[in-house]
Amino acid sequence: MKYTIASNVESPVNILIPDIMASPFRIAPERQNELRSLIEQRNITVEIKSNEVTFLLESNSVDSKIYLSLPTLERLWAYSFSYLHIMTLFLATGPGQYLEFGKHYGPIVEDMKRLLLWALDEERLRKRDYAWPKHLPNPASKSYYPQIIEKTNEMYLGMMGWILLHEIAHINLNHVLHKFTDLPTRLNYEKAADKWATDWVFEKLPVCAQPDNVRVWRTIVVSLALSTIAAVEYHTIEEQSSDHPNPADRLLAFLTNYVGETGDAQMPLHEISWIIPMVVIQTHFANRNVPETLKGPYAGISDYLIEARKVF
Ligand SMILES: [Zn+2]
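Values in this document were obtained by computation on a predicted structure and should not be read as measured data. (Residues numbered from 1 in each chain as written. Predicted model: local features only at pLDDT ≥ 70, side-chain atom pairs only at ≥ 80, totals over all residues.)

Let's shift gears to the nonpolar core. In terms of nonpolar packing, the biggest core is built from 63 residues, with M159, W162, V221, A225 and A230 touching the most fellow members. No other element matches the 12 residues that helix α5 (residues 146–172) contributes to this core. Taken domain by domain, this core gets at least three of its residues from each of domain 1 (2–71 + 144–308) and domain 2 (72–125). Not counting the four nearest positions on each side in its chain, W162 is found in contact with I27, A197, V201, V221, V222 and A225. (Core = buried A, V, L, I, M, F, W, Y, C linked by C-beta atoms within 7 Å. Buried ≥ 20, exposed ≤ 12 C-beta atoms within 10 Å, placed from the backbone. Helix = DSSP H or I, 4+ residues; strand = E, 2+ residues; numbered from the N terminus. Domains from an automatic or database assignment. Contact = placed C-beta atoms within 7 Å.)

With respect to the element layout, R42 can be found in helix α2 (residues 32–42). Along the backbone, R42 and V13 are 29 residues apart, and their C-alpha atoms lie at a distance of 27 Å.

Moving on, we come to the domain arrangement of the protein chain. What the domain assignment reports for the protein chain is domain 1 (2–71 + 144–308) and domain 2 (72–125). The C-alpha-based centres of domain 1 and domain 2 are spaced at 19 Å. Of the residues lining the interface, 29 residues belong to domain 1; the matching set on domain 2 comes to 19 residues. The class makeup of the residues in the side of domain 1 that touches domain 2 is 19 nonpolar, nine polar and one charged. (Nonpolar A, V, L, I, M, F, W, Y, C, P; charged D, E, K, R; others polar.)

Whether parallel or antiparallel, the strands of a sheet pair through hydrogen bonds between backbone atoms. Read from one edge to the other, the open sheet built from four strands follows the order β1-β2-β4-β3, with strand pairing classed as mixed. Each end of this open sheet is capped by a strand with a single partner; those strands are β1 (2–5) and β3 (57–60). Each neighbouring strand pair of the sheet contributes to a mean axis angle of 20°, computed without reference to strand direction. The pairing of β3 with strand β4 (residues 65–69) spans four bridges and is classified as antiparallel. Residue pairing across strands places S59 opposite I66, the latter belonging to β4. Where helix α3 (residues 70–93) meets the sheet, its contacts fall on β2 (45–49), β3 and β4, and the angle it forms with β4 comes to roughly 65°. Strands β3 and β4 of the sheet are contacted by α5, whose axis makes an angle of about 25° with β3. (Pairing = 2+ DSSP bridges. Axes fitted to C-alpha atoms, helices over the stretch in contact; angles between N-to-C directions.)

Here we take up α5. The end-to-end C-alpha separation of α5 is 38 Å, in line with the 39 Å expected for 27 residues at 1.5 Å each. N174 occupies a position one or two residues after α5 and carries a positive phi of about 55°. (Expected span 1.5 Å × (residues − 1).)

If you check helix α9 (residues 275–287), its first and last C-alpha atoms are 18 Å apart, about what 13 residues at 1.5 Å a residue would give, namely 18 Å. Residues I276, P277, M278, V280 and I281 constitute the buried set of α9.

Moving residue by residue along a regular strand, the side chains alternate between the two faces of the sheet. Only one face of β2 is covered, namely the one carrying V46 and I48; the face carrying T45, E47 and K49 has none of its residues buried. With four bridges joining them, β1 and β2 adopt parallel strand pairing. Counterpart to I5 in the pairing with β2 is I48.

What follows is about the packing of α3 against α5. At a minimum axis distance of 9 Å, the contact between α3 and α5 shows a crossing angle of 120°. Regarding the angle of α3 to α5, the classification is oblique. For the pair α3 and α5, the sense of crossing is right-handed. Between α3 and α5, the contacting residues are L76, W77, S80, F81 and L84 on the first element and K151, T152, M155, Y156 and M159 on the second. (Parallel < 35°, antiparallel > 145°, perpendicular 65-115°, else oblique. Left-handed = near helix turned anticlockwise from the far one by under 90°.)

So, on to the environment of H244. Among the secondary structure elements, H244 is positioned in the loop between α7 (211–235) and α8 (247–258). Accessibility expressed as a C-beta count within 10 Å gives 17 for H244, which makes it partly exposed. When the C-alpha atoms of H244 and T152 are compared, they prove to be 28 Å apart, with 92 residues separating the residues in sequence.

Here it is, written out as structure tokens:
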């Protein structure tokens, strides 16, 4: 996709920008040509603002533009890195264990905590007077464990692919927001854009040697995108008007319709995308000491998300 950057600001995510622009094509390579003609037809372009600290991720169907900001792209990377590690910790510890954020789990987890706190501080305080913390992992890190950076970049780009498809959907579906747009219409726009982007990713999934692996990977990155949005909204909830769809509803709609939950005690591998929102949401809830009621037990993760929706 064609893009512009307002000014040249140094950022570790700069090296990923060409890949971010390619990410909606790569998440569903079987539809590359289709997407290319749609983007050309609508003349969709991306504008990356450099100094906008507010979480900026929106589109305008009137000028066919998607708006992003460099700080938003940086923080999304930090979240991908952190959630990947919280997931790894969770899977290693096993269900029923309480992950203590204060406990020392090793140097990578310590870095993860610092990176997550930096991103959340920036999210909440809207400061742009401090750059990416030195010595912490970033997408351009040469000295950090290369496999970890590579894995994070891969997950991050998958997530960005779906996020950009969601914005492309708003443009393609001619969604126009103005001050007279009522709440039900706004909520329907979001629902429709989520569905359009997700259908794009799954509708023409190729029949190949291991179709399950491709499918599972795509469910993981969509789940990561929606879980990250849920976390950001949770931390900025005080300043939002109620015109946002409930993030738990968005997750439930996706996971119920595209993944499904068997409810077996031994969760099948293809349901792994259910664990992501639970781990991400619970980490943020626990971090703010809310709410006692979410301790369960629950028959399935969908029950947990139904409870969690009351908090958003
Ligand atoms: Zn949207």
